[in-house]
Amino acid sequence: MRGRLGAILAATTALAGAGCDGYASALDPAGPQAARVSSLFWVFFFISLLVWSFVLGVLMSAIARARRSPPRSPLDRNPLLERRLGRTILVASTATVGILVVLLVASVGAGRELSSADDPDPLRIKVIGHQWWWEVQYPGSDPSKLVTTANEIHVPAGKTVKFELGARDVIHSFWIPNLHGKRDLIPGHDATLILRADRPGIYRGQCAEFCGYQHAHMNLSLVVDPPAEFAAWLDHQRAPAREPTTPLEERGRAVFLAGPCALCHTVQGTAAAATAGPDLTHVAARGTLASGTLPNGADPLRSWIADPQSIKPGSYMPRTALSPGDLDALVAYLGGLK
Ligand code: CUA
């Protein structure tokens, strides 16, 4: 019996563990802050499991004993038994308070550790939540070096990053499960989140506070690059947009600048400098479109421009009436903005 129970326990643990690996799992930490959150979770989990098993065991034995013993009237008084019950309740209450204090201390300790930075000069990244996308800024040493991008955050592996979080419209919540817990983005109220990612890779983030119709389509990717690759990426992001090289791309840029696109988006190096929608200077270099809703590529881009409302109903990107030729040109131009 004990052998079989052990086998079941081992199988369940292995199954649960297998389900926890991955690019959006708080139980597969990729940095010290996430590891702290994850270890706190396991402390809570095992203590709760212990308490639950104990309570269930006591309940089962009480049921079994009640079946064996003869029925008693509630009016029968047995002072000895009542004294024993009183003592048991006292011990159980003390144990409950003790366990709660242990959990409280573990939780407060983890919270303190998480809010202290070990790096006096962290990399600053500003993240602003919009309905329903993420604006990401890398403030350089001088304002001309400011990099603005969207929905994809690159960070160097092994470097502490300080996220400065804000929201433009409603409350959002910044959450990259593999790297840290959630932090709410509240309009008019600045918040920070400090984390370090040690394992290069792509981790998925998600808005974790209901913020309207397209809340579920407010994803982001956190790309952890080796430091040299990150430096090259940031350098490239500082460059203005790539110039069109074919007549089709040339026409696409003209469509972009003359049409409604330029009223909402920025492309560095052109006259388009609006900030209502994501900065598109290097849009083709990102992995996804529409805040993680579509993979990046010519066909998804065409569908997105032609009819955003069928992909993200309620999104603030309007349908744009373009001739098929203009649409192809626009897709060619934007698809070249690596
Ligand atoms: Cu933003 Cu939910």
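Please refer to the structure higher up on the page.
This write-up is about the structure you can find in this document.

Cut-offs and rules
Residues numbered from 1 in each chain as written. Predicted model: local features only at pLDDT ≥ 70, side-chain atom pairs only at ≥ 80, totals over all residues. Heavy atoms only, no water. Helix = DSSP H or I, 4+ residues; strand = E, 2+ residues; numbered from the N terminus. Expected span 1.5 Å × (residues − 1). Buried < 20%, exposed > 50% of the residue type's maximum accessible area, 1.4 Å probe, protein only. Contact = heavy atoms within 4.5 Å. Disulfide = S-S within 2.5 Å. Patch = residues over 30% accessible without salt bridge, like charges linked within 9 Å, V, L, I, M, F, W, Y side chains within 5 Å. Areas by Shrake-Rupley, 256 points an atom, 1.4 Å probe, with all protein chains shown as cover. Salt bridge = Lys/Arg side-chain N within 4 Å of Asp/Glu carboxyl O.

### Notes on helix α9 (residues 324-335)
Then step 1. For α9, with 12 residues, the first-to-last C-alpha span of 16 Å sits near the 16 Å given by 1.5 Å per residue.
Then step 2. Within α9, the full set of buried residues consists of L327, A329, L330, V331, Y333 and L334.
Then step 3. In this fold, the buried residues of α9 make contact with α5 (247-258), α6 (261-264) and α7 (298-306).

### What about unusual backbone geometry?
Then step 1. Here Q131 and W132 are connected by a cis peptide whose omega angle stands at 0 degrees.
Then step 2. Mapped onto the secondary structure, W132 falls in the loop between β1 (123-130) and β2 (133-138).
Then step 3. Of note in this structure, N151 is not a glycine but carries a positive phi near 65 degrees.

### Thoughts on the state of the cysteines
Then step 1. According to the stated counting rule, one finds zero disulfides in the structure shown.
Then step 2. Of all cysteine sulfurs in the structure, the one in C261 sits closest to C264, which takes part in no disulfide; the separation is 8.7 Å.
Then step 3. The class for C264 is partly exposed, based on a relative accessible area of 27%.

### What about a nonpolar patch on the surface?
Then step 1. On the surface, F41, W42, F45, F46, L49, W52, L56, L59, M60 and I63 cluster together into a nonpolar patch covering about 940 Å² of accessible area.
Then step 2. Structurally, F41 is set in helix α2 (residues 32-68).
Then step 3. By relative accessible area, which is 37% here, F41 ends up partly exposed.

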